[in-house]
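Analysis of the macromolecular model
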Amino acid sequence: MKKLIIPCACLMMAALLTSADKNEKVMVKENGTYVVNTTELSKDVIGYQSPTPLKVFIKSNKIQKIEFLPNEETPKYWNAASKHLLNKWDGMTIKDAKTKEVDGRTGATMSSDAVKKNVKLAVEYYEKNK
């Protein structure tokens, strides 16, 4: 029985440290700007083919910019969605970003919808964890 206690305790510590690491990677603060990475938050948010993670930069409760992270979407549709949506939230308050309906890109509807869901997840995470 004693032989099992130490390995079990080590496994529990490793699990705790790993989960803390994930939370730290979701949002970091750099020079007064919060950067929310939606990779862990939006694993189930699928565009046309794959998850569509983003980095959302927030300062003084306003979205500064959004960067698209690597994904496996069809480049033609992803480029259309990203060009159309890239700056739609720039300068928008967190309050407005939660409720505003941003138009997607015709012809890239699934990718656009995934981007919009990612932004909402990022904003919600920021509000709960800042």
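Below: a short report on this structure. (Residues numbered from 1 in each chain as written. Predicted model: local features only at pLDDT ≥ 70, side-chain atom pairs only at ≥ 80, totals over all residues. Heavy atoms only, no water.)

The next subject is the side chain of Asn 118. Looking at the element boundaries, Asn 118 is found in helix H4 (residues 109–129). Judged by relative accessible area, which is 0%, Asn 118 ranks as buried. At a separation of 2.8 Å, a polar atom in the side chain of Asn 118 contacts the main-chain carbonyl oxygen of Ala 114. Those residues within four positions of Asn 118 in sequence are excluded, and the remaining contacts are Thr 38, Ser 42, Val 45, Thr 52, Pro 53 and Leu 54. (Helix = DSSP H or I, 4+ residues; strand = E, 2+ residues; numbered from the N terminus. Buried < 20%, exposed > 50% of the residue type's maximum accessible area, 1.4 Å probe, protein only. Polar contact = N/O pair within 3.5 Å; in protein donor to acceptor, adjacent residues only side chain to side chain. Contact = heavy atoms within 4.5 Å.)

Note on pairing: side chains with opposite charge can pair once their charged atoms come close. Inspection of the entire model under this criterion finds five salt bridges. For Lys 120, the salt bridge is made with Glu 101, and the minimal N-O distance between the two is 3.7 Å. One end of the pair, Lys 120, is in helix H4; the other, Glu 101, is in the loop between helix H3 (94–99) and H4, with 19 residues separating them in the sequence. A salt bridge links Lys 116 to Asp 113; its shortest N-O distance comes to 3.6 Å. Remark: Asp 113 and Lys 116 occur in helix H4; sequence separation between them is three residues, near one turn of the helix. When its relative accessible area of 33% is taken as the criterion, Asp 113 is described as partly exposed. (Salt bridge = Lys/Arg side-chain N within 4 Å of Asp/Glu carboxyl O.)

Attention shifts here to the packing of helix H2 (residues 75–85) against H4. It is the contact of H2 with H4, at a shortest axis distance of 8 Å, that shows an interaxial angle of 45°. Classified by the interaxial angle, the pair formed by H2 and H4 is oblique. Two packed elements cross with a definite hand, and for H2 against H4 that hand is right-handed. Along its contact with H2, which presents Trp 78, Ala 81 and Leu 85, the element H4 presents Ser 111, Ser 112 and Val 115. In terms of residue class, the contact of H2 with H4 is built from four nonpolar, two polar and no charged. (Axes fitted to C-alpha atoms, helices over the stretch in contact; angles between N-to-C directions. Parallel < 35°, antiparallel > 145°, perpendicular 65-115°, else oblique. Left-handed = near helix turned anticlockwise from the far one by under 90°. Nonpolar A, V, L, I, M, F, W, Y, C, P; charged D, E, K, R; others polar.)

As a further point, take the pairing of strand E4 (residues 62–68). Pairing geometry for strand E3 (residues 54–59) and E4, over six bridges, is antiparallel. Residue pairing in the sheet places Phe 57 in a bridge with Lys 65 of E4. (Pairing = 2+ DSSP bridges.)

Checked against the element boundaries, Asn 37 lands in strand E2 (residues 33–37). The sequence separation of Asn 37 and Val 119 amounts to 82 residues, and the corresponding C-alpha distance is 10.0 Å. What Asn 37 contacts, discounting residues up to four positions off in sequence, is Lys 25, Val 26, Leu 54, Lys 55 and Leu 69. Within the structure, Asn 37 has its side chain in polar contact with the side chain of Thr 39 (distance 2.6 Å).

Okay, the pairing of strand E1 (residues 27–30) next. In this structure, E1 lies alongside E2, joined through four bridges in antiparallel fashion. The residue of E2 that forms the bridge with Lys 29 is Tyr 34. In textbook terms, the turn of a hairpin is the stretch between consecutive antiparallel strands, and for E1 and E2 this stretch comprises two residues, one of which, Asn 31, has a positive phi near 50°.

So, on to unusual backbone geometry. Of note in the backbone geometry, Asn 31 takes a positive phi value of approximately 50° without being a glycine. Assignment of secondary structure puts Asn 31 in the loop between E1 and E2. Positive phi is not limited to glycine here, since Ser 60 has a value of about 50°. Mapped onto the fold, Ser 60 is located in the loop between E3 and E4.

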